[in-house]
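Chain and residue survey
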Amino acid sequence: MTIEGNKDEAERCIEIAQNAFTAGNVEKAERFLLKAERLYPTALAKELLTRVRASATSGSVPKKTPPSSPSADDLRRRRTPTHQPTQREYTAEQLEAVRRVKTKCKDYYEILGVTKEATDSDIKKAYKKLALQLHPDKNHAPGAAEAFKAIGNAAAILTDPEKRKQYDIRGEEPTHTTHHHQYYARGFESDLTAEELFNMFFGAAAFPAGGPTVYTRRRAREPEPRDNHAGLVQLLPVLVLVLLSMMSGFFISEPVYSLSPSPKYPVPRDTVNLKIPYYVKENFHTDYQGSLRRLEMAIEEEYIVGLRHACQRERNYRDSAAWKARNFGDARHAAEAQRVRMPSCEKLQQLQR
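Position labels on residues start from 1 in each chain and follow its written sequence. Selection of residues for local features in this predicted model requires a pLDDT of at least 70, selection of side-chain atom pairs for listing and counting requires 80 or more, and totals for whole chains, interfaces and linings are taken over all residues. Note: side-chain values were computed over all heavy atoms of the structure, leaving out hydrogens and water.

A look at the overall build of the protein chain
Put simply, the test is: Note on conventions: DSSP H or I runs of at least 4 residues are helices, E runs of at least 2 residues are strands, and numbering of each starts at the N terminus. The classification of residues rests on relative accessible area computed with a 1.4 Å probe and restricted to protein chains. Under 20% of the type maximum is buried, over 50% is exposed, and intermediate values are partly exposed. Should any heavy atoms of two residues lie within 4.5 Å, those residues are counted as being in contact. Using a 1.4 Å probe, the Shrake-Rupley method yields the accessible areas, and only the shown protein chains count as cover for residues.
Within the protein chain one finds 16 helices and 3 strands. The buried share among the 353 residues of the protein chain stands at 33%. Across the protein chain, the fraction of contacts at a sequence separation of at least 24, relative to all contacts at a separation of at least 6, is 63%. As presented, the protein chain carries roughly 23000 Å² of accessible surface, and 55% of it is formed by carbon and sulfur atoms.

What follows is the structure in structure tokens.
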């Protein structure tokens, strides 16, 4: 079962446990909360399990108040804010990806998982894969922001021919430092922030549902002040050309398709397997040289992941409305909540048949 499937099943177990606890069946409530913890551990399940066990010990089992409703004592205890930040969940795979970059890699090549003979295209492909895995809007493991910055620096340095050459030369020099970051960076860092580099590859809306970005723009490095200002003015056109040549490589790679039509992606297509609609550029047939089968597999995966998130939101809305109606004794609204349509869930069921 996938992680998303585990999460859905865990939420259903929590709902069953709440209903059982409301009905006074402590044993059933505890059994389903333990199952929810095994499937997908959450703070809500832990809190409910603590309450269920406490009520079983004291012998006071609520009959009408669901376990998620705070008692008067709980409200008094919660009046003093703790100001503790919410812990965001992450998977073991996400944590291991961060640890690999931060503790197991000795140079920029190992960070990106490429050899020293890797081409510019190989490096960009490796960066794109890791960037989607480590972006802090998607990966909430401790240290993800630092790991994301490290892969950005690696890609920026290794795709610049002159900096890559100097980096390789520096790598042959003996090092006396024990600081891991200094070891693999060797004093080389990009003038672009990690977020700017990411947006060059994927666009600023790569994670539209994510929170605010954690990065700030680094000030451009200023040249050393010189007495001869006329000479600096003469060098400015040359510096601009060098900067544009460095950045041009990052603008080559852009999305091949879009799931919604736009002036840039006007040509409609459907995937062969699931008939998922997508849109490409007018020159797609002549310019795209990759595997169409792998591309459409990626499109279908992206589409299904989006449906799962939308379905979960629809299910949460329906369950919340039904729970409120039941607890306020409004049978008509409870029935209406159960009849709420969930189009994303229906599409997902059709695709999975």
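Digging into the state of the cysteines
Applicable threshold: Our working definition of a disulfide is a cysteine sulfur pair at a distance within 2.5 Å.
Within the structure shown, the criterion is met by 1 disulfide. Between the sulfur atoms of Cys311 and its disulfide mate Cys345 the distance is 1.9 Å. Across the S-S bond linking Cys311 and Cys345, the dihedral sits near 100°, which makes this disulfide right-handed. Highlighted residues: Cys311 in helix H14 (residues 292-327) and Cys345 in helix H16 (residues 343-351), separated in sequence by 34 residues. Cys345 shares its class with Cys311; the two are buried.

Quick look at the pattern of salt bridges
The cut-off we apply is this: Should a side-chain nitrogen of Lys or Arg be within 4 Å of a carboxyl oxygen of Asp or Glu, the pair is scored as a salt bridge.
One pass over the structure, following the stated rule, counts 11 salt bridges. Between Asp8 and Arg315 there is a salt bridge, and its shortest N-O distance comes to 3.9 Å. Of the two residues, Asp8 is situated in helix H1 (residues 3-22) and Arg315 in helix H14; the sequence distance between them amounts to 307 residues. For Lys104, the salt bridge identified is with Glu96, shortest N-O distance 2.8 Å. Taking the relative accessible area as the measure of exposure, Lys104 reaches 52% and is therefore exposed. Judged by relative accessible area, Glu96 falls into the partly exposed class, the value being 38%.

Structural notes on the sheet that holds strand S2 (residues 267-270)
As a reminder of what qualifies: A pair of strands is considered paired only if DSSP assigns at least 2 bridges between the two.
Strands sit in the order S1-S3-S2 across an open sheet of 3 strands; the sheet is antiparallel. Only two strands of the sheet have a single neighbouring strand rather than two, namely strand S1 (257-258) and S2. One ladder, built from 4 bridges, connects S2 with strand S3 (residues 277-280); its direction is antiparallel. Looking across to S3, one finds that Pro268 is bridged to Tyr279.

Re unusual backbone geometry
The phi dihedral of Lys275 is positive, around 60°, even though this residue is not glycine. Following the sequence through the fold, Lys275 ends up in the loop between S2 and S3. The class for Lys275 is exposed, based on a relative accessible area of 55%.

Describing helix H5 (residues 92-103)
Condition: The span one expects for a helix is its residue count, reduced by one, times 1.5 Å. This arc is built from the directions going out from the helix axis to the C-beta atoms.
Between its terminal C-alpha atoms H5 stretches 16 Å, which fits the 16 Å expected from 12 residues at 1.5 Å a residue. Of the positions making up H5, those classed as buried are Gln94, Leu95, Ala97, Val98 and Val101. Buried residues of H5, seen end-on, are gathered within an arc of 160° and therefore sit on one face of the element. Set apart from the buried face of H5 by more than 90 degrees, the exposed residues are Ala92, Glu93 and Thr103.

Quick look at the packing of aromatic side chains
Note the cut-off: Aromatic rings from Phe, Tyr and Trp, with only the six-membered ring used for Trp, were paired whenever their centres fell within 6.5 Å, and each pair was classed as stacked if the ring planes differed by under 30 degrees, edge-to-face if by over 60, and tilted otherwise.
Under the criterion given, the structure shown has 4 aromatic pairs. Pairing Tyr109 with Tyr167 gives two aromatic rings, centres 6.4 Å apart and planes at 50°, and the pair type is tilted. Of this pair, Tyr109 sits in helix H6 (residues 108-112) while Tyr167 sits in helix H9 (residues 161-171), placing them 58 residues apart in sequence. Assessed through its relative accessible area of 2%, Tyr109 is described here as buried.

Side note on the packing of H14 against helix H15 (residues 331-338)
Helix-helix packing is described using two parameters, namely the angle between the two axes and the distance between the axes. To keep it simple, the criterion reads: Angles run from 0 to 180 degrees between N-to-C directions of axes, and those axes are lines fitted to C-alpha atoms, restricted for helices to the stretch in contact. Any angle between 65 and 115 degrees counts as roughly perpendicular, while under 35 counts as roughly parallel, over 145 as roughly antiparallel, and the rest as oblique. For any pair of crossing helices, the crossing counts as left-handed if the nearer helix is rotated counterclockwise from the farther one by less than a right angle, and right-handed if it is rotated clockwise. Just so you know the grouping, Ala, Val, Leu, Ile, Met, Phe, Trp, Tyr, Cys and Pro go in nonpolar, Asp, Glu, Lys and Arg go in charged, and all remaining residues, Gly too, go in polar.
It is the contact of H14 with H15, at a shortest axis distance of 8 Å, that shows an interaxial angle of 165°. When the axes of H14 and H15 are compared, the pair comes out roughly antiparallel. H14 and H15 meet at a crossing whose hand is left-handed. Taking contact as the criterion, the partners of Arg318, Ala321, Ala322, Ala325 and Arg326 in H14 are, on H15, His333, Ala334, Ala337 and Gln338. Its residues placed into classes, the contact of H14 with H15 shows 5 nonpolar, 2 polar and 2 charged.

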